[in-house]
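Commentary on secondary and tertiary structure
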Amino acid sequence: MDIVTLAAVAGNLNVVGYGLAAIGPGIGLGILIGKTIESTARQPELGGRLQTLMFLGLAFVEVLALLGFVAAFIFQ
């Protein structure tokens with residue numbers, strides 16, 4: 001194997017690693033939004049406050065996805 005082939009394989013593994021890293025935040029977003037909708041249905045008067053907390057949680061979950069993306073480039 002030459003060096004070009006090894007570099008191509010390493011690049012492909014980084015893409016697979018990021019794909020696997022994106023699964024966790026995707027599941028987290030589904031749970032977060034689902035529970036917010038469920039809570040709003042139970043207590044509609046807290047809808048605005050729950051929505052604010054949901055967006056805060058959404059930001060934290062998205063940071064995990066971005067860290068996975070950045071880590072794929074850092075650990076080449």
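Further up the page is the structure itself.
The rules we used
Residues numbered from 1 in each chain as written. Predicted model: local features only at pLDDT ≥ 70, side-chain atom pairs only at ≥ 80, totals over all residues. Heavy atoms only, no water. Helix = DSSP H or I, 4+ residues; strand = E, 2+ residues; numbered from the N terminus. Buried < 20%, exposed > 50% of the residue type's maximum accessible area, 1.4 Å probe, protein only. Areas by Shrake-Rupley, 256 points an atom, 1.4 Å probe, with all protein chains shown as cover. Salt bridge = Lys/Arg side-chain N within 4 Å of Asp/Glu carboxyl O. Patch = residues over 30% accessible without salt bridge, like charges linked within 9 Å, V, L, I, M, F, W, Y side chains within 5 Å.

Moving on, we come to the overall build of the protein chain. In terms of helices and strands, the protein chain carries two helices and zero strands. Within the protein chain, the proportion of its 76 residues that are buried is 13%. Per element, the accessible surface of the protein chain, about 5,800 Å² overall, is 75% carbon and sulfur.

Bringing the pattern of salt bridges into the picture now. All told, the structure shown has two salt bridges when counted by the stated rule. Among the salt bridges present, the one from Lys 35 reaches Glu 38, with a minimum N-O distance of 3.7 Å. Of this pair, Lys 35 and Glu 38 both sit in helix 1 (residues 3-42), separated by three residues, roughly a single helical turn. Its salt-bridge partner being Glu 38, residue Arg 42 comes within 3.3 Å of it at the nearest N-O pair. Here Glu 38 and Arg 42 lie together in helix 1, a separation of four residues that amounts to about one turn. Taking relative accessible area as the criterion, Arg 42 reaches 65% and is therefore assigned exposed. Counted as one network, the salt bridges with shared partners bring together Lys 35, Glu 38 and Arg 42.

Attention now moves to a nonpolar patch on the surface. A contiguous nonpolar patch, built from Val 16, Leu 20, Ile 23, Ile 27 and Ile 31 and spanning about 490 Å² of accessible area, is present on the exposed surface. Position of Ile 27 among the secondary structure elements: in helix 1.

Let's shift gears to the environment of Phe 60. With respect to the helices and strands, the residue Phe 60 is situated in helix 2 (residues 47-74). With a relative accessible area of 56%, Phe 60 lands in the exposed category. In this structure, the C-alpha to C-alpha distance between Phe 60 and Pro 25, residues 35 residues apart in sequence, is 9.4 Å.

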